[in-house]
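# Observations on the three-dimensional arrangement
Listed here are the chains, written in short residue letters.
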Amino acid sequence: YDLSHLEASAFDGVVMSDILEHLHDLPAAIREMHRVLRPGGVVVFDTINRTVLSYVLTIAMAQELLRVVPPSTHDWRLYVRPEELSLLLQRHDFEVDTAHFVGMKPGVSIRRLAQGRFPLGDFYEAPDKLKVNYLGWARKRASS
């Protein structure tokens, strides 16, 4: 995850949407995010939790059964538990609080599925439910 072509402390924010659960070296990616963020900069992310339910919904159903996700898109071993991500961010000098993480759930359309289209619609907030998808944010310490 070489972002060496970008200057250090160049950005106020980084958005990592549907990325973290695909990375083979998450610590390296977080180091690079930290490097390119200005002190006080914010990273916003969403990802998939590593739970039995996430495996059933995202791999067994969406990827293998319904085939609305291409084969081999997801690897459950790369999914990130909220507490793991929080600790990793803290180790890389980010301020983060899992109490601010929010669960997400997609709307499902049977009509779209019957038409052979991707059945998931917009995502909705699922407070206190981080079992599958969740989003959150962290701030690079101002003293970094």
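Residues numbered from 1 in each chain as written. Predicted model: local features only at pLDDT ≥ 70, side-chain atom pairs only at ≥ 80, totals over all residues. Heavy atoms only, no water.

### Concerning the overall build of the chain
Spelled out, the test is: Strands are runs of DSSP state E lasting at least 2 residues, helices are runs of H or I lasting at least 4, and numbering of each runs from the N terminus. What makes two residues a contact is simply this: any of their non-hydrogen atoms within 4.5 Å. Note that accessible areas follow from Shrake-Rupley with a 1.4 Å probe, and for residues the cover is restricted to the protein chains shown.
The secondary structure content of the chain amounts to four helices and six strands. Its helices and strands taken in sequence order, the chain reads β-α-β-α-α-β-β-α-β-β from the N to the C terminus. Sequence-distant contacts in the chain: of pairs separated by 6 or more residues, those separated by 24 or more amount to 74%. Approximately 8,600 Å² of the chain is accessible, and the part contributed by carbon and sulfur atoms is 56%.

### Concerning the nonpolar core
Condition: Nonpolar cores were defined as sets of buried Ala, Val, Leu, Ile, Met, Phe, Trp, Tyr and Cys residues, with membership established by side-chain atoms within 4.5 Å. When accessible area is computed with a 1.4 Å probe and restricted to protein chains, residues below 20% of their type maximum are described as buried, those above 50% as exposed, and intermediate ones as partly exposed.
Ranked by internal contacts, the top residues of the largest apolar core, which has 21 residues, are M16, L26, I30, V43, F45, L85 and L89. Looking at this core, the elements with two or more residues in it are β1 (11-17), α1 (26-36), β2 (37-48), α3 (82-91) and β6 (133-140). Top contributing element to this core by residue count: α1, with five residues.

### Observations concerning a nonpolar patch on the surface
Basically, it comes down to this: Residues enter patches when they are more than 30% accessible in relative terms and free of salt bridges; like-charged ones are connected within 9 Å and nonpolar ones (Val, Leu, Ile, Met, Phe, Trp, Tyr) within 5 Å. Any Lys or Arg side-chain nitrogen found within 4 Å of a carboxyl oxygen on Asp or Glu counts as a salt bridge.
Together, V52, L53, Y55, V56, L57, M61, L65, L66, I110 and L113 give the surface a local cluster of nonpolar side chains, amounting to about 890 Å² of exposed area. At the level of elements, α2 (52-65) and α4 (110-114) are the ones that each hand at least two residues to the nonpolar patch. The element that contributes the greatest number of residues to the nonpolar patch is α2, accounting for seven residues. With respect to the helices and strands, the residue L53 is situated in helix α2.

### Structural notes on the pairing of β2
Side-chain positions along a regular strand alternate between the two faces of the sheet. Our working definition: A pair of strands is labelled paired if DSSP reports no fewer than 2 bridges between them. Seen with its strands pointing away from the viewer, a crossover is right-handed when the path leading from the first strand over the helix to the second is clockwise.
Bridge count for β1 against β2 is six bridges, and the pairing is parallel. Within β2, the position partnered with M16 by the bridge is F45. Chirality of the crossover, the property in question, places the unit of β1, α1 and β2 among those that are right-handed. In this sheet, β6 lies alongside β2 in antiparallel orientation, the contact comprising seven bridges.

Treat this as a map of the structure, not an account of what it does.
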